[in-house]
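# Architecture at a glance
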Amino acid sequence: MTHLSSWTRTVSHTSLAPVRWLSAWSRILFFGAVMLVRALSPASYGPETRYNLARHIYIDTAPILGWFTVLISLFTLIITRIVVVTATSYGLSQYALEMVVRVLVIELIPLTAALFVALRCTIPSGAALVEMRGVGHFRKLQRRGLDPIEVEVLPRMLAGVFACITLAALSCVVAGVLAYLAVYGLTTAGGKAYTHMFGRVFDPLYTLIFSLKTVFFALAVSIIPMASGLNNVETDGSRESAALQGLVRMFVVLLALEGVSLVGNYI
């Protein structure tokens, strides 16, 4: 009877897995829709929310902006050198710089910025929401007549979006400049050819897909960890389980978005 009972619980747990999976994603989608509506509503930005928003934007962006740019600079120089040397050895040097821009600027930098912001900012913020909820901080805000979602969650989400877009935009500019310097050096002789190549790469369709991908990456890494923190009912409700759930779900969404982007760009 003991083995039968254990088997029954295992089967029941397995059979309910798709239901729990659909329930978790439906809560994330609903949470994301609600947060987007609140973000676009001027009534959401009370004094407490504005203060927390400014604080989180600074905390999530300023400390990492400098050394992330340095890392991207080193990464750009290494990738550019490898691509240029390889293309030259095969007699394809005229395509080297275009390949660097397509692979590095369009594909790798937005994804790198999104993962960096997620690991550094939004996943810890989502885990912090679990702790706030556990110690009763949300109830204290409600007793003061404040909405915990607007005061604590919305600023963290918007700060994550801002940090992701800022890092991606700045890194793309730095990568573009360093790629030019790595190939042509400190001269303006290659300016016309480089500008022509850049304009050919960033045609209207590429620019639209690149912009949408960056925005959706920013939304994904900002919304999913927050939703996992607030709706962390599937496991033990700890910071670690919320962070792990947010990381797995966010990684799945980023892969799906990157796949859609590749289909739109190259098929």
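Residues numbered from 1 in each chain as written. Predicted model: local features only at pLDDT ≥ 70, side-chain atom pairs only at ≥ 80, totals over all residues. Heavy atoms only, no water.

On to the side chain of T122, then. By the secondary structure assignment, T122 is in helix 4 (residues 96-134). Not counting the four nearest positions on each side in its chain, T122 is found in contact with V117, G160, V221, S222, P225 and M226. (Helix = DSSP H or I, 4+ residues; strand = E, 2+ residues; numbered from the N terminus. Contact = heavy atoms within 4.5 Å.)

Quick look at the environment of Y184 now. One can find Y184 in helix 6 (residues 148-184). In this structure, the C-alpha to C-alpha distance between Y184 and Y194, residues 10 residues apart in sequence, is 9.4 Å. Y184 has contacts with L97, G190, A193 and Y194, leaving out every residue within four places of it along the chain.

The next point concerns the pattern of salt bridges. Inspection of the entire model under this criterion finds 8 salt bridges. Measuring nitrogen to oxygen at the nearest pair gives 3.3 Å for the salt bridge that ties E48 to R144. Residue E48 is located in helix 3 (residues 47-89), and its partner R144 is located in the loop between helix 5 (137-143) and helix 6; the two are separated by 96 residues in the primary sequence. Looking at R144, the relative accessible area reads 56%, which means it is exposed. (Salt bridge = Lys/Arg side-chain N within 4 Å of Asp/Glu carboxyl O. Buried < 20%, exposed > 50% of the residue type's maximum accessible area, 1.4 Å probe, protein only.)

Okay, the packing of aromatic side chains next. Using the criterion set out here, one finds 7 aromatic pairs in the structure. Consider the rings of Y180 and Y184, whose centres lie 4.9 Å apart with planes at 35 degrees: the pair is tilted. Note that Y180 and Y184 are positioned in helix 6 at a spacing of 4 residues, about one turn of the helix. Overall, Y180 belongs to the buried group, its relative accessible area being 13%. For Y184, a relative accessible area of 32% gives the class partly exposed. (Phe/Tyr/Trp six-rings, centres within 6.5 Å; stacked < 30°, edge-to-face > 60°.)

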